[in-house]
Amino acid sequence: SSNNEVFHRVPAFAGGFGASSAKKSKGKKSKKKRSSIMEEMRRPAPEESKKDDTPQLDRFGLPIRTAENFFPPLPDDVELVPSKGKTTIELVQKSMSKHISLNYDMFDDDAVEKGSDNRNPWKLNLLHQSPPVLEIENFFTSQECQEYKSIAQADDVLQVDSATFSNLATSKRTSTTWFCNFNQVPTLLAKAKHLLNDLPLEQMEEAQIVRYKTGQEFSWHYDEIPSTQLANGGQRIATLLVYLNTIENGGGTIFRDLKDAEGNELTMRPKEGSALLFFPTFADGTPDDRTLHKGEVAVDEKMIAQMWIHERKYTPVVPEGNSHEAARDSLRSKEIELGYISE
Ligand SMILES: O=C(O)CCC(=O)C(=O)O
Ligand SMILES: [Fe+2]
């Protein structure tokens, strides 16, 4: 199909590694050891062993991991500072001190984009202070959202391979992912570059468009990359995702350990054109375990465009032949069109 020149539709397991740092592994190990002994002690006598509520144990006698029990709780002394009150650019900048730089000059004191006369301005909402989680309202126009949805929906040829959960996996992802060629998504590239203070194109991972149909989800995970797989571009220092439609029920992006200003589990409800920006690791590549999150089970169909930002130059791996270089011209045209640079 000619669509294959534009993007490839691939099984949904790629992206979102559900990784764990050395620190987490240690915590997990001691936890599992403890519960293993507990399980041994509670093991039913042989004549009872057919009961349905017998815990499922693996060949080491450890409880079988599920997406819900795999991730250890954060230590009690970890810093968590929810957002209170209204967002100012000063507060955003302060909360971002250990992270990739934003283009602070483009915003006024109230974190509203300056001088965007005839369109809805970008507006930063600091959803959480430490770790920082930001919403960027009006990141995409409605028309841009439609355009990006159709990039994915144009491909009706290849089969979807969805469920990817096994005992060995830490996370379950049942959505469908389309990997875009850089030269097909100049708006996303130009806007990410502009927001992230002229971020080099080479640090951007392949853009993805993800669709969740009713009942589909991406369970708890970290966006960081496993420590054994950092050769290509190092860590993911930022996650940028753009919601392509507004959703009333289900499909939120939820952070397990973060609270909103009212004390509820921090949940971003998908809003057409809004972007969510958060940081799987600090700018130096140290994982930030506080950003454990999930894409909640969708009720209404949900679509997002997303991109991860790397520490260093990243070499694209999909689709075949994809390159940053091939996107230079379309990116430049888009930057001129959006008024980010002059001709
Ligand atoms: O769909 C969402 O709300 C979150 C997606 C996500 O966390 C991911 O793709 O890594
Ligand atoms: Fe994620």
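Residues numbered from 1 in each chain as written. Chains lettered and ligands numbered in written order. Predicted model: local features only at pLDDT ≥ 70, side-chain atom pairs only at ≥ 80, totals over all residues. Heavy atoms only, no water.

**Structural notes on helix α4 (residues 186-195)**
Think of an α-helix as turning once every 3.6 residues; residues three or four places apart then point the same way.
Move 1: Most of α4 sits inside the fold, with 10 of its 10 residues counted as buried.
Move 2: A positive phi of about 55° marks Asn197, the residue just after α4. (Buried < 20%, exposed > 50% of the residue type's maximum accessible area, 1.4 Å probe, protein only. Helix = DSSP H or I, 4+ residues; strand = E, 2+ residues; numbered from the N terminus.)

**Focus on empty space enclosed by the protein**
Move 1: Counted by the stated rule, this structure contains 1 cavity of 30 Å³ or more.
Move 2: What the largest cavity holds in volume is close to 120 Å³.
Move 3: Around the largest cavity, the lining comprises 14 residues; the ones closest to its centre are Tyr212, Phe218, Leu241, Ile304 and Gln306.
Move 4: Elements with a minimum of two residues in the lining of the largest cavity: β7 (218-221), β12 (293-295) and β13 (302-310).
Move 5: Sorting elements by how many residues they give to the lining of the largest cavity places β13 first, with 4 residues.
Move 6: For the lining of the largest cavity, the residue count by class is 5 nonpolar, 5 polar and 4 charged. (1 Å grid on protein atoms, 1.4 Å probe; cavity = no way out; pocket = protein on both sides within 12 Å on 5 of 7 lines; lining within 4 Å. Points joined across faces, edges and corners; volume = space filled by probe spheres on them. Nonpolar A, V, L, I, M, F, W, Y, C, P; charged D, E, K, R; others polar.)

**A word on the site of ligand 1**
Move 1: Neighbouring residues of ligand 1: Arg173, Tyr212, Phe218, His221, Asp223, Thr253, His293, Gly295, Lys302, Ile304, Gln306 and Trp308.
Move 2: In this structure, Thr253 approaches ligand 1 through a side-chain N or O atom, which is 2.5 Å from an oxygen atom.
Move 3: Between ligand 1 and the protein, one listed contact pairs an oxygen atom with a side-chain N or O atom of Gln306 at 2.9 Å.
Move 4: For ligand 1, the protein covers 100% of the area, taking 290 Å² as the surface of the free molecule.
Move 5: Spatially, ligand 1 is embedded in the largest cavity. (Near = heavy atom within 4 Å. Polar contact = N/O pair within 3.5 Å; in protein donor to acceptor, adjacent residues only side chain to side chain. Areas by Shrake-Rupley, 256 points an atom, 1.4 Å probe, with all protein chains shown as cover. Sits in = over half its atoms within 2 Å of the grid points.)

**Concerning the coordination of the iron ion (ligand 2)**
Move 1: Around the iron ion (ligand 2), the donor atoms from the protein are His221 (NE2), Asp223 (OD) and His293 (NE2), and they sit 2.1 Å away.
Move 2: Each donor residue of the iron ion (ligand 2) belongs to the same chain, with the gaps between them written as H-x1-D-x69-H. Of this pair, Asp223 sits in the loop between β7 and β8 (236-243) while His293 sits in strand β12, placing them 70 residues apart in sequence.
Move 3: The exposure class of His293 is buried, given its relative accessible area of 4%. (Donors = N, O, S within 2.8 Å, 3.2 Å for Na, K, Ca; no water.)

**Quick word on the side chain of Gln216**
Move 1: The topology assignment puts Gln216 in the loop between β6 (208-212) and β7.
Move 2: What Gln216 contacts, discounting residues up to four positions off in sequence, is Thr174, Ser175, Thr176, Arg211, Glu296, Val297 and Ala298. (Contact = heavy atoms within 4.5 Å.)

**Observations regarding the pattern of salt bridges**
Pairing between side chains becomes possible if they bear opposite charge and their charged atoms approach one another.
Move 1: A complete count under the given rule lists 16 salt bridges for this structure.
Move 2: Residues Asp257 and Arg256 are paired through a salt bridge, measuring 3.1 Å at the closest nitrogen-oxygen approach.
Move 3: What makes Asp257 buried here is its relative accessible area of 19%.
Move 4: Here Arg328 makes a salt bridge to Glu325, at a shortest N to O gap of 3.4 Å.
Move 5: A relative accessible area of 54% places Glu325 in the exposed class.
Move 6: Overlapping salt bridges bring together Glu135, Glu137 and Lys271 as one network. (Salt bridge = Lys/Arg side-chain N within 4 Å of Asp/Glu carboxyl O.)

**A word on the environment of Asp284**
Move 1: Assignment of secondary structure puts Asp284 in the loop between β11 (275-278) and β12.
Move 2: Measuring from C-alpha to C-alpha, the distance between Asp284 and Ile100 comes to 9.1 Å, with 184 residues separating the pair along the chain.
Move 3: Within the structure, Asp284 has its side chain in polar contact with the side chain of Thr286 (distance 2.7 Å).

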